[in-house]
Amino acid sequence: MTAITTHPPFNQAVERRRKLDFPFIGITGSNGKTTVKRMLRSILSRHGRVYDFAYDSDTAEKIAQELLTLRGSWDWALVKIGASAADEVKRSTELIRPKIGVITNIGEAHLAVHGTIEKIMHNKAQLLKGLEPGGWAVLNRDNEYVKALGEGNLTATRFFGLSELADYFAANITPLGPEGTAFTVHRKNNVSLRLHMPIYSLGDVYNALAAIAVADGLGVPDEIIADSLEHDFLLPEGRGRLYRMHDLMLFDDTYDATPQSLIKSTVCLMQCKEVARRLILVLGDMTELGVQTDYYQKMIGHYLAGMPIDLVVLCGRHAHSTAEAMRSGRQQAAAIMEFPLVSQAIEYLLNEIRPGDAVMVEGGADQDLSAVVRALRRAFEKAPQTV
């Protein structure tokens, strides 16, 4: 492994890491990193002492800064590794020297930085190449790019997914609308687990499988895994969290907007169809898609044209492009609203939303769609209940 040869704080952080004798768990992927990290924190904090790197410590520089302040005795450390620069995963991995590497999925996030998904794939592969001797990987078998990395990986690997070919796979998945999701986790050479979690999308079932694979590999008892995920875990803000208020179901997925996360969010919204008066999607521009932005915005419009959502509110510079694609593909008239500014969308929504509606707010990094969530919570939170 090559040494980091950047400015002194990096070198100091490398030396600091060498003196720490507990294992690091590195988590990367286009979507799901924060959620898997939060799930693992819920599980491992019941089984030992877990150091959870800060919410925004996902670049090599920020990880290095936190390493220099890390004190105390721990059993594990959890680190989220982003890919906002071409060599970010490599530098972060060289810094933390993880014992366990998790790759949730590989998709279009940071396409503007890397240019192609194949280059994103190469970037994520650096996590596997930088594992400590005796380390092992937890990989998504259902993602073609992650699966390819696993098939060429010489370290021990635990696959998760929905196929029986995976080491950890989910079956009997039962969406329960605002009550969450129930599913059974099957494990090779071990008994199955039946879980009912406060999660609302298939993407978060995958995230739970990744966390379970890590915890199981670390020897955490089944009862701790199940109880912590069912009762201690709460989706992070901006990652699909549901706010159940007086006559309103509000989903907050405002951290970012990618084609992958949009599909997850719309499927989540559909699960409320039987209990909601209307389904409303508030969507900001997709982020970091580079020269392919217009293509993906139109593709999203065609995708939404086939979804039985009652009202779509589009916000941002590319709202019109998505709206036109939606209108060209709809078989019937649909309620589609376009706003260049978030403040305009908020004003409209406060007058439009009615009791019984289910609202999904899907944001982009270039816009503060969380302002929509805050405004709706202020207006409807007479009897707040977060699940």
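### What about the overall build of the protein chain?
Moving on, step 1. The helix and strand tally for the protein chain stands at 14 helices and 16 strands.
Moving on, step 2. Against the globule reference of 21 Å for 387 residues, the protein chain gives a C-alpha radius of gyration of 21 Å, in line with a compact fold.
Moving on, step 3. Looking at the protein chain as a whole, 58% of its 387 residues are labelled buried.
Moving on, step 4. Counted over contacts in the protein chain with a minimum sequence separation of 6, partners at least 24 positions apart contribute 68%.
Moving on, step 5. When the accessible area of the protein chain is evaluated, it comes to approximately 15800 Å², of which 51% is carbon and sulfur surface.
Moving on, step 6. Here the protein chain contributes 42 positively and 46 negatively charged side chains, and the mean placements of these two sets differ by 3 Å.

### Here we look at the side chain of Asp 204
Moving on, step 1. By the secondary structure assignment, Asp 204 is in helix H8 (residues 202-217).
Moving on, step 2. In this structure Asp 204 comes out as buried when scored by relative accessible area, which is 2%.
Moving on, step 3. Separated by 2.9 Å, the side chains of Asp 204 and Asn 207 make a polar contact.
Moving on, step 4. If near-sequence neighbours (up to four positions away) are discounted, Asp 204 is found in contact with Thr 35, Met 39, Ile 199, Leu 235, Arg 239 and Lys 264.

### Things to note about unusual backbone geometry
Moving on, step 1. For Arg 97, which is not glycine, the phi dihedral falls at a positive 45 degrees.
Moving on, step 2. Tracing the backbone through its elements, the reader meets Arg 97 in the loop between helix H4 (88-96) and strand E4 (100-103).
Moving on, step 3. Since its relative accessible area comes to 22%, Arg 97 is described here as partly exposed.
Moving on, step 4. Positive phi, close to 50 degrees, is recorded for Asn 172, a residue that is not glycine.
Moving on, step 5. With respect to the secondary-structure elements, Asn 172 resides in strand E7 (residues 168-175).

### Looking at the sheet that holds strand E3 (residues 76-80)
Moving on, step 1. As summarised here, the arrangement of the nine strands in space is E2-E3-E1-E4-E5-E6-E7-E8-E9, forming an open sheet in which the pairing is mixed. Each edge of the sheet is formed by a strand with only one pairing partner; in this case those strands are strand E2 (50-52) and strand E9 (190-197). Strand after strand, the sheet turns through a mean of 15 degrees between neighbouring axes, direction not considered.
Moving on, step 2. Pairing between E2 and E3: three bridges, direction parallel. Looking across to E3, one finds that Val 50 is bridged to Trp 76.

### What to know about H4
Moving on, step 1. The buried count for H4 comes to seven of nine residues, which makes it a mostly enclosed element.
Moving on, step 2. Glu 88, Val 89, Ser 92, Thr 93, Glu 94, Leu 95 and Ile 96 are the residues of H4 that are buried.
Moving on, step 3. The positive-phi residue at the C-terminal boundary of H4 is Arg 97, with phi of around 45 degrees.

### Some thoughts on the nonpolar core
Within soluble globular proteins, side chains that are nonpolar generally end up buried alongside one another.
Moving on, step 1. In terms of nonpolar packing, the biggest core is built from 67 residues, with Ile 25, Leu 40, Val 138, Phe 183, Met 197, Leu 281 and Ile 309 touching the most fellow members.
Moving on, step 2. Broken down by element, this core gets its largest block of residues, 10 residues, from H8.
Moving on, step 3. Setting aside its immediate chain neighbours within four residues, Val 138 contacts Ile 100, Gly 101, Val 102, Ile 103, Arg 158, Phe 160, Ala 210, Ala 213 and Val 214.
Moving on, step 4. Counting 37 residues, the second largest nonpolar core, distinct from the first, contains Phe 24, Ala 60, Val 79 and Val 89.

### Things to note about helix H6 (residues 117-129)
Moving on, step 1. End to end, H6 covers 19 Å across 13 residues, agreeing with the expected 18 Å (1.5 Å per residue, within 8%).
Moving on, step 2. When we look at burial in H6, the residues that qualify are Ile 117, Ile 120, Met 121, Asn 123, Lys 124, Ala 125, Gln 126, Leu 127 and Leu 128.

### What to know about the packing of helix H13 (residues 342-352) against helix H14 (residues 370-380)
Moving on, step 1. Here H13 crosses H14 at 25 degrees, and the two axes come no closer than 10 Å. As judged from the angle between their axes, H13 and H14 are roughly parallel. Of the two possible hands of crossing, H13 and H14 adopt the one that is right-handed. Residue-level inspection shows Val 342, Ile 346, Leu 349 and Leu 350 of H13 in contact with H14, the latter providing Ala 371, Val 372, Ala 375, Leu 376 and Ala 379.
Moving on, step 2. Taken together, the residues of the contact of H13 with H14 break down into nine nonpolar, no polar and no charged.

### Focus on the confidence of the model for the protein chain
Moving on, step 1. With 91% of its residues at a pLDDT of at least 70, the protein chain reaches an overall mean of 89.
Moving on, step 2. For the protein chain, helix H5 (residues 111-114) is the element with the lowest average pLDDT, namely 55, and helix H9 (residues 222-232) is the one with the highest, namely 98.
Moving on, step 3. Here residues 1-5 is a poorly scored stretch, pLDDT under 50, and it has 12 contacts once near neighbours within four places are set aside; other chains count.

### Some thoughts on the environment of Val 372
Moving on, step 1. With respect to the secondary-structure elements, Val 372 resides in helix H14.
Moving on, step 2. Contacts of Val 372, omitting those with residues within four sequence positions, involve Val 342, Ile 346, Leu 349 and Val 361.

### Points about the pairing of E9
Moving on, step 1. With six bridges joining them, strand E8 (residues 181-187) and E9 adopt antiparallel strand pairing. Directly across from Val 185, in E9, lies its bridge partner Leu 193.
Moving on, step 2. A loop of two residues connects E8 with E9, the two strands running antiparallel in sequence, and Asn 189 in this loop sits at a positive phi of about 60 degrees.

The rules behind the values
Residues numbered from 1 in each chain as written. Predicted model: local features only at pLDDT ≥ 70, side-chain atom pairs only at ≥ 80, totals over all residues. Heavy atoms only, no water. Helix = DSSP H or I, 4+ residues; strand = E, 2+ residues; numbered from the N terminus. Rg over C-alpha atoms; globule rule 2.2 N^0.38 Å. Buried < 20%, exposed > 50% of the residue type's maximum accessible area, 1.4 Å probe, protein only. Contact = heavy atoms within 4.5 Å. Areas by Shrake-Rupley, 256 points an atom, 1.4 Å probe, with all protein chains shown as cover. Lys, Arg positive; Asp, Glu negative; His and termini not counted. Charge placed at Lys NZ, Arg CZ, Asp CG, Glu CD. Polar contact = N/O pair within 3.5 Å; in protein donor to acceptor, adjacent residues only side chain to side chain. Pairing = 2+ DSSP bridges. Axes fitted to C-alpha atoms, helices over the stretch in contact; angles between N-to-C directions. Core = buried A, V, L, I, M, F, W, Y, C linked by side-chain atoms within 4.5 Å. Expected span 1.5 Å × (residues − 1). Parallel < 35°, antiparallel > 145°, perpendicular 65-115°, else oblique. Left-handed = near helix turned anticlockwise from the far one by under 90°. Nonpolar A, V, L, I, M, F, W, Y, C, P; charged D, E, K, R; others polar. pLDDT = per-residue confidence, 0-100.

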